[in-house]
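Read off the chains here:
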Amino acid sequence: MSAASKHGSTREIAAVVAQALESAGIACDVVEPADVATATGYDAVVVGSAVYIGQWLPDARDLVDRLAEQLREVPVWLFSSGLADQPSKRGNSAPATTARVESLGARGHRHFPGKLDVLQLSLAERATILAARGKYGDNRDMDAVRAWGEGIAAELVAEPARTA
Ligand SMILES: Cc1cc2nc3c(=O)[nH]c(=O)nc-3n(C[C@H](O)[C@H](O)[C@H](O)COP(=O)(O)O)c2cc1C
């Protein structure tokens, strides 16, 4: 499990998915994207990122680019977290997401509503949110996140392990 997060809320989403996997008996390492040197040795990989200005954060994009060859060899799930209606719903890089899913042969991509806490943002970020008329708040639905993780676990448990 590896997820890029700037202000922590996507990291918390990743932790809930990891917990769901662990609860199903699947050992799960949670590693920051920049620290993932290889995907070799893992039976499956989940990669996520917060969405900023319509794009995944650079560390998550870089992870997928660096390890694409290895990721094509294992089941992969992707998720994004952002504020669905803001700053630009249409700008949420649907083509990039589709390209990533297709290029990796990912089993799926899920978009989760995120969290926007004014106290955590820089002045520049607040200005962006103001210009986009973004709404502050925590829109995360951790039950939906957990259910998504349980779905992944169910798929993996039904399959034979790939590594020794
Ligand atoms: C400057 C800025 C730009 C953002 N741009 C987008 C965006 O384009 N699309 C989106 O859905 N959410 C956008 N968001 C919302 C974040 O994705 C959301 O707050 C997310 O939960 C933050 O995750 P993090 O706490 O892991 O960094 C933006 C937030 C900020 C502060």
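Basis of the calculations
- Per chain, residues are indexed from 1 in the order of the written sequence.
- Totals for whole chains, interfaces and linings use every residue, but because this is a predicted model, local features are given only for residues with pLDDT of at least 70 and side-chain atom pairs only at 80 or more, for both listing and counting.
- Excluded from the side-chain calculation are hydrogens and water; included are all heavy atoms of the structure.
- Helix axes are fitted only over the stretch in contact, all axes being lines through C-alpha atoms; the angle between N-to-C directions runs from 0 to 180 degrees.
- Helix and strand definitions here come from DSSP, where helices need a minimum of 4 consecutive H or I residues and strands a minimum of 2 consecutive E residues; each element is numbered from the N-terminal end.
- The labels follow the angle: roughly parallel below 35 degrees, roughly antiparallel above 145, roughly perpendicular from 65 to 115, and oblique for the rest.
- Two helices that cross are described as forming a left-handed crossing if the nearer one is turned anticlockwise from the farther one by less than a right angle, and a right-handed crossing if clockwise.
- Residue contacts are defined here by distance: any two heavy atoms, one from each residue, within 4.5 Å place the two residues in contact.
- Relative accessibility under 20% of the residue-type maximum defines a buried residue, over 50% an exposed one, and the middle range a partly exposed one, all with a 1.4 Å probe and only protein chains included.
- To obtain the arc, one takes the directions from the helix axis to the C-beta atoms.

- Per an unreviewed UniProt entry, the chain goes by the name Flavodoxin-like domain-containing protein and belongs to Sanguibacter keddieii.

1. A word on the packing of helix α1 (residues 9–23) against helix α6 (residues 142–157)
Each pair of packed helices gets described by two things: the angle between the helix axes and the distance between those axes.
Phase 1 of the analysis: For the pair α1 and α6, the least separation of the axes is 8 Å and the interaxial angle reads 45°. Taken together, the axis directions place α1 and α6 in an arrangement best described as oblique. Viewed along their axes, α1 and α6 form a crossing whose handedness is right-handed. Of the residues in α6, those touching α1 at E12, I13, V16, V17, A20 and L21 are M142, V145, R146, W148, G149, E150, I152 and A153.

2. Quick notes on helix α2 (residues 58–66)
Phase 1 of the analysis: For α2, the full list of buried residues reads A60, L63 and V64. Projected down its long axis, α2 carries its buried residues within an arc of 95°, all on one side. α2 presents P58 and D65 as exposed residues on the side facing more than 90 degrees away from its buried surface.
Phase 2 of the analysis: Looking at the packing, one finds that the buried side of α2 touches β1 (2–4), β2 (45–52), β3 (55–56), α3 (68–71) and α4 (94–104).

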